[in-house]
Amino acid sequence: MKYTLRICGATACRASDSLAVMDKLKQLIEERKQEFSDKGIDVEIKEVGCIGLCGKGPLMVVEPCSILYTNLKVKDVETIVDSLLNHRVAENLLYKRDNQSFEKINDVPYYKYQDRFLLRRCGVIEPLSLREYIENDGFKGLKRALELNPEEVINELLKSKLRGRGGAGFPTGLKWKFLRQAQSDVKFLVCNADEGDPGAFMDRSLLESDPFAVIEGMLIGAYATGAKKGFIYVREEYPLASQRIKQAIKILRENGYLGENIFNKVSFDIKVVEGAGAFVCGEETALIKSIEGKRGQPRVRPPYPAERGILGKPTNINNVKTYASVTLIFEKGAEFFANLGTENSGGTVVLCLSGDLEDTGIIEVKMGTPLKTVLYDIAGGSRSKKELKAVQIGGPLGGLVPKELFDIALDYDSLKEIGSMLGSGGLIALNQDDSILKLVSFFLDFLRLESCGQCTPCREGVVQLKKIIDRIINHNANYEDLDLLNKLSDYVKNNSLCGLGQGTPNVIESSLRFFINEYEQKISGPVIYTITDACIGCHVCAMNCPVQAIEGQPKEKHFIDQSKCIHCGKCFEVCKFNAITKD
Amino acid sequence: MKVKINGQEYEFDNGLTVLEACRKIGIKIPTFCYHELLEPRAVCRLCVVEVDGKLRTSCSTKLKEGMNIVTNSEKVFDARRTNLQLLIADHKQECLSCNKSTDCKLFEYANEYEIEEIPFEILSNENPTEKQDVDDSSYAFIRDLSKCIKCGKCVQVCSELQTVNALTYAGRGRSVRPSTAYEVPINQTECVFCGQCVINCPTCALEEKSETDEVVSILNDKDYIVAAQIAPSVRVSIGEEFGLPAGEISTGKLITALRMLGFDYVFDTQFGADLTIVEEANELIKRLEGNGKLPMFTSCCPAWVKFVEEFYPEHIENLSSCKSPQQMFGAVFKTYFAKKIGKHPEQLKLVSIMPCIAKKEEARRYEFIEDVDFVLTTRELARLLKSYGIDFAKLKEGSFDSPLGESSGAGTIFGLTGGVCQAALRTVNHLLTNQEKLEFEFSNVSEDGFLREGSVEINGRTIRFAVVQTLGKARKIFDNLDKYDFIEVMACPGGCVGGGGQPIPTNMEIVQKRIKALRKNDEMKSVRLSHLNPSINKLYEEFLEKPLSEKAHKLLHTTYLNRKNNRLSKDFGI
């Protein structure tokens, strides 16, 4: 009898100490190896990539029965070893939802409703094992692609309806066609792994968990477009991803999958470039400058990178998931891929779930899957058991989807229609108590700081947008400010140089569209005072309250009876312990 | 191709941008970041127009057949107004006391677009970084970031036009600023002080370091005899500051104005230029005979000299050892002239009127320390005249004092690109063949006209020369120095007429007019070869003996410094 333990060694699980769990496991099994051999049990421990349910990490899957263990701690290791020796399931480590335990990973609702295609090898194979990669359909796609001629490869890609997964959703086949048609002795292919959206980490996960798949997609791209040199641009904040991809490149080079005359058809090699972590470097012209060693800031287009890219040579830039999708397309066929999706875009959607959800992490569903399936069936609804009020989708440049629209299909066009966007696929769930305005303020702060500062609308405009939002949050604004907010958002959107500035007002516009009541409450509604846990019970506020709305025993936390409160703010003024907040 | 602009059909050549087309037919479009010689970056976003219903930056949008362009719609107007309001909210408004407010583009556009109130929060007091706003470490210019509108033009001219890269962007978001590497003071960097950043700055974030107060105080001090020397290109540009058309020759008025300010003597830097040519031509002949390195570089542009010292110190020997006309003049003034009027050099003060801010730094080089006391740019002088209530346009024509006020046509053309080369070749040719040849043809001219090459046969020896404008182009010649015997480089486009101290605006159209005026001035001169200037000959007879004499060497020639990686020189700012 042989058990294989797949332990997640990707960044999220590492952050909750999965490596310590793994070490302890190895140590204990070694200590008790006599017992194992007496019972004829063989145990193999594999460090795999991201298993996906990051919010409940560290994760482990026990093969051959595919049992999922969650929230592992070093102290749980003994239980695991005992369970293995007794061929039993460690009940207390199983995944639970609504008091029901699930043994098999595929029965767990989080996985049951997913369609894992791009992620099919993530958390399954050892990321840097070329043998395992090939055993799990690796390089099938490349081989199929090399049987076609480059034009046919591009046609196949167009047929698959693959659209760029970086956010803009431009048809990948067309992009490749432009590069193929560009006349130049040198052409470059770039993989954009400068994932910067707060709350998005699927590119990192793919690079860490299935690096060969990304490179295979690039190889197909090299063959189709005629590029001989490639770059993978990874942000420096992703040390593990960058290290994995570098090792993967080395392994492929040693095995003849990178370099001169691969399968006598294509010559291609890749260099990894680490960015310094500027959000704007995900914009393709900024990324090009950064690769050239210059300050990463966007430039006007045209000329597009397909005409003038790195060092002035034609260049094509695609997202990590786009290349991984290419690999899938040539492995399974364009038709298969197209059928996964909707009329206008083929394939699947990879999302990063965060916010107030029972289960958070990376998931993959077919393009066009209703949002509510993701929120309720996969993620299990609100973790705090409150009602969900909205999701922010597509990162800082995306928009909000209110609960009334949770039926919406997850694809480029449906989301665009309501002023949101799929973006790179970050999804943040908000419950009824979360403040939309604070979310807007948070994103504006992020964008204000990440603006490259070149163009006036983005540099100055976003600062002013944030000032207006903050005035509103602090009950310091009137309806004229709301008009100004509208006008300035419109200005920034229509006048900024690059996608970052143009996309910044999205979150404001969609919050105004769906949550104008929250704005109005702040502008014309009363200030709500509440007492926090910092209260020491000095009673001063209660003594000063003109309407006796504050109750509480001395030396205990006090409360404000909102039905009596006249919002005069006296309590806020007299509190010496900063225990009263206004909202 | 045919396009529609504001409802009317127009026909244009291929390849123009919307901005260029609009300017051609007399439609003014406001810009901050646009520089006519450089690639449009479209970052200030002020030049937006409607192209087929959508807002587009006109500087970066190429004309296309059938385009429908609207420059005066409500949408365009609104966008530009908002842009200006955002900038003004983040701009320190000291317009009443600001030296550049009359030349300030932000001021100008705010008026034109009737900006009455700023609906945004005023941010100009919130310095987003902990860095100092003001850098006044150099003698040439002052940077004040609180007035910077971050158009990035200074960075672009520094890196693309001049390839000096002393200025770059630092920071993100609102903290973005033009900065030196590691934020060191500018005098510790490779900056050559060409001043192209200063003249291109739309606001007063970059400004020459004014010396008007010092000049006024010595003019009022009766203990000193104060003289002025006027650079060639100033006489064809200063009129612009007083409403005269570009390219008007106002030498006479300028002399009168300086006398009204209280200068005791008004002399001509062209005298210094003639002297430079006599020395430099003889030096070139000597080098051609095998005594010294070839090609010989001109050394009259201080920005170019520092450029060689900073980036190509291995070629320092190629630089002519002649001081620039400003410094030669100063040396002669403080010795020969002092003796002539029987004064001690310390009783004499010399103020140069220059089109250039690098001349301020040059005058402070330790090799030259006593030659010139103060340097005023064209702009500073104009300001001074205005504050003295001098109505320049109405002044009578004055004339230079003797003997340092006499000059040849060759001295005049020092102010324009190619002039030094031409003047030197005139003298070399005459000295060797005794023939008067005034023009020397170029056989090869680069597309932008900034690199011109030619050759001339003198006494059986072919002299191959090159004339370069801008330091970016100058870098190119180092690839094949063997091709040349004599190279003239001027850091500014058009030469000194386009210098960093000239009136604002200075653009290629205006520069061409100034060049034309100097050419005309040259033609009007009776003597057009430097060494035939009688005052120069007298100077040699009475004082310097002969060209390249020991005395001439001591007074008129200099040495240079390897500044590459030379921290010491940088720490001392020399």
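Peer 1: I would appreciate a short explanation of the overall build of chain B in the present structure.
Peer 2: For chain B, the helix and strand inventory stands at 19 helices and 19 strands. Here chain B has a C-alpha radius of gyration of 24 Å; the compact-globule value for 574 residues is 25 Å, and the two agree. If one aligns the C-alpha atoms of chain B with their principal axes, the spans along those axes are about 75 × 55 × 50 Å. Looking at chain B as a whole, 51% of its 574 residues qualify as buried. Sequence separation of at least 24 residues holds for 71% of the intrachain contacts in chain B that already meet a minimum separation of 6.

Peer 1: I'm lost on the nonpolar core in this one. Help?
Peer 2: The nonpolar side chains of a soluble globular protein tend to be buried with one another. By size, the foremost hydrophobic cluster in this structure holds 325 residues, and its most contacted members are Val-214 of chain A together with Val-192 and Trp-304 of chain B. Every residue in contact with Val-214 of chain A, bar those within four places of it in the chain, is listed here: Cys-191, Leu-206, Leu-207, Val-320, Tyr-323 and Ala-324 of chain A. Counting 13 residues, the second largest nonpolar core, distinct from the first, contains Ala-542, Ile-550, Ile-560 and Ala-579 of chain A.

Peer 1: Would you take a moment to explain the interface of chain A and chain B for this structure?
Peer 2: Interfaces are frequently sized by the accessible area removed from exposure as the parts join. Every contact between the two is made by 26 residues of chain A and, on the other side, 26 residues of chain B. The biggest single contributor to the side of chain A that touches chain B is helix H19 (residues 456-473) of chain A, with 8 residues. Residue classes in the side of chain A that touches chain B are distributed as 11 nonpolar, 8 polar and 7 charged.

Peer 1: Just checking my understanding: could you explain the pairing of strand S15 (residues 399-402) of chain A for this structure?
Peer 2: Two faces, one strand: in a regular strand the side chains alternate between the faces of the sheet. All names here are of chain A. Strand direction decides the pairing type here: strand S14 (residues 388-393) and S15, joined by 4 bridges, are antiparallel. Residue Gln-392 lies in a different strand from S15, and its bridge partner there is Leu-400. Once S14 ends, the chain turns through 5 residues before running back antiparallel as S15, passing Gly-394 with a positive phi of about 95°.

Peer 1: Would you explain the sheet that holds strand S17 (residues 451-458) of chain B in this entry?
Peer 2: Within a beta sheet, neighbouring strands are joined by backbone hydrogen bonds and run either parallel or antiparallel to one another. Residue and element names in this part refer to chain B. The 5 strands lie next to each other as S13-S19-S18-S17-S16, forming an open sheet whose pairing is mixed. Each edge of the open sheet carries a strand with a single partner, namely strand S13 (296-297) and strand S16 (444-445). Pairing analysis gives 2 bridges linking S13 to strand S19 (residues 486-490), with the strands arranged parallel. In the sheet register, Phe-297 faces S19, and the bridge partner there is Ile-487. Lying on the sheet, helix H14 (residues 419-433) is in contact with S17, strand S18 (461-469) and S19; it crosses S17 at an angle near 5°.

Peer 1: I keep staring at the domain arrangement of chain B and nothing clicks. Help me out?
Peer 2: Splitting chain B by domain gives domain 1 (2-72) and domain 2 (212-556). If you average the C-alpha positions of domain 1 of chain B and of domain 2 of chain B, the two centres end up 39 Å apart.

Peer 1: Would you explain the pairing of S17 of chain B in this entry?
Peer 2: Residues and elements named next belong to chain B. One ladder, built from 2 bridges, connects S16 with S17; its direction is antiparallel. Paired with Val-445 across the bridge in S17 is Arg-452. Taking the residues between adjacent antiparallel strands as the criterion, S16 and S17 are bridged by 5 residues, where Gly-449 takes a positive phi near 80°. Judged from the 8 bridges that link them, S17 and S18 form a sheet pairing that is antiparallel. Bridge pairing in S18 links Val-456 to Ile-463. The hairpin formed by S17 and S18 contains 2 residues between the paired strands, and Asn-459 there has a positive phi angle of roughly 55°.

Peer 1: Would you mind showing me how to read the environment of Val-234 of chain A here?
Peer 2: Residue and element names in this part refer to chain A. As for its position among the elements, Val-234 is in strand S8 (residues 229-235). The class of Val-234 is buried, set by 27 C-beta atoms lying within 10 Å. The spacing of Val-234 and Ala-429 is 195 residues in sequence and 27 Å in space, taken between C-alpha atoms. Apart from the residues within four sequence positions on either side, Val-234 is in contact with Ala-193, Ala-241, Ser-242, Ile-245, Val-272, Glu-274 and Gly-275.

Peer 1: Help me understand the domain arrangement of chain A in this model?
Peer 2: Residue and element names in this part refer to chain A. With domains assigned, chain A is organised as domain 1 (2-112), domain 2 (130-339), domain 3 (348-431), domain 4 (436-524) and domain 5 (529-582). Measuring from the centre of the C-alpha atoms in domain 3 to the corresponding centre in domain 4 gives 22 Å. Contacts between domain 3 and domain 4 engage 11 residues on the former and 14 residues on the latter. Contributing elements (two or more residues each) for the side of domain 3 that touches domain 4: S14 and S15. Top contributing element to the side of domain 3 that touches domain 4 by residue count: S15, with 3 residues. Considered class by class, the residues forming the side of domain 3 that touches domain 4 number 6 nonpolar, 5 polar and no charged.

Peer 1: Even after reading the chapter, I still don't get unusual backbone geometry, so can you show me in this structure?
Peer 2: With an omega of -5°, the peptide bond between Gly-57 of chain A and Pro-58 of chain A qualifies as cis. Within the secondary structure layout, Pro-58 of chain A lies in the loop between strand S2 (42-48) and strand S3 (60-63). The omega torsion of the bond from Glu-63 of chain A to Pro-64 of chain A falls at 10°, within 30 degrees of zero and hence cis. A positive phi angle, close to 60°, is found at Lys-385 of chain A, a residue other than glycine. Within the secondary structure, Lys-385 of chain A sits in the loop between helix H16 (371-378) and S14. You will see that Asn-459 of chain B, though not glycine, has its phi angle at about 55°, which is positive.

Peer 1: How do you make sense of the sheet that holds strand S15 (residues 374-377) of chain B when you look at a structure like this?
Peer 2: Residues and elements named next belong to chain B. The parallel open sheet is built from 4 strands, whose spatial order is S12-S11-S14-S15. Among the strands making up the open sheet, the edge pair consists of strand S12 (265-268) and S15. Direction aside, the axes of adjacent strands within the sheet are offset by 25° on average. In this structure, strand S11 (residues 225-230) lies alongside S12, joined through 4 bridges in parallel fashion. The residue bridging Ala-228 from the neighbouring strand is Val-266, located in S12. Across the sheet, helix H10 (residues 325-340) is in contact with S11 and strand S14 (348-354); its angle to S14 comes to roughly 155°.

Criteria and cut-off values
Residues numbered from 1 in each chain as written. Chains lettered and ligands numbered in written order. Predicted model: local features only at pLDDT ≥ 70, side-chain atom pairs only at ≥ 80, totals over all residues. Helix = DSSP H or I, 4+ residues; strand = E, 2+ residues; numbered from the N terminus. Rg over C-alpha atoms; globule rule 2.2 N^0.38 Å. Buried ≥ 20, exposed ≤ 12 C-beta atoms within 10 Å, placed from the backbone. Contact = placed C-beta atoms within 7 Å. Core = buried A, V, L, I, M, F, W, Y, C linked by C-beta atoms within 7 Å. Nonpolar A, V, L, I, M, F, W, Y, C, P; charged D, E, K, R; others polar. Pairing = 2+ DSSP bridges. Axes fitted to C-alpha atoms, helices over the stretch in contact; angles between N-to-C directions. Domains from an automatic or database assignment.

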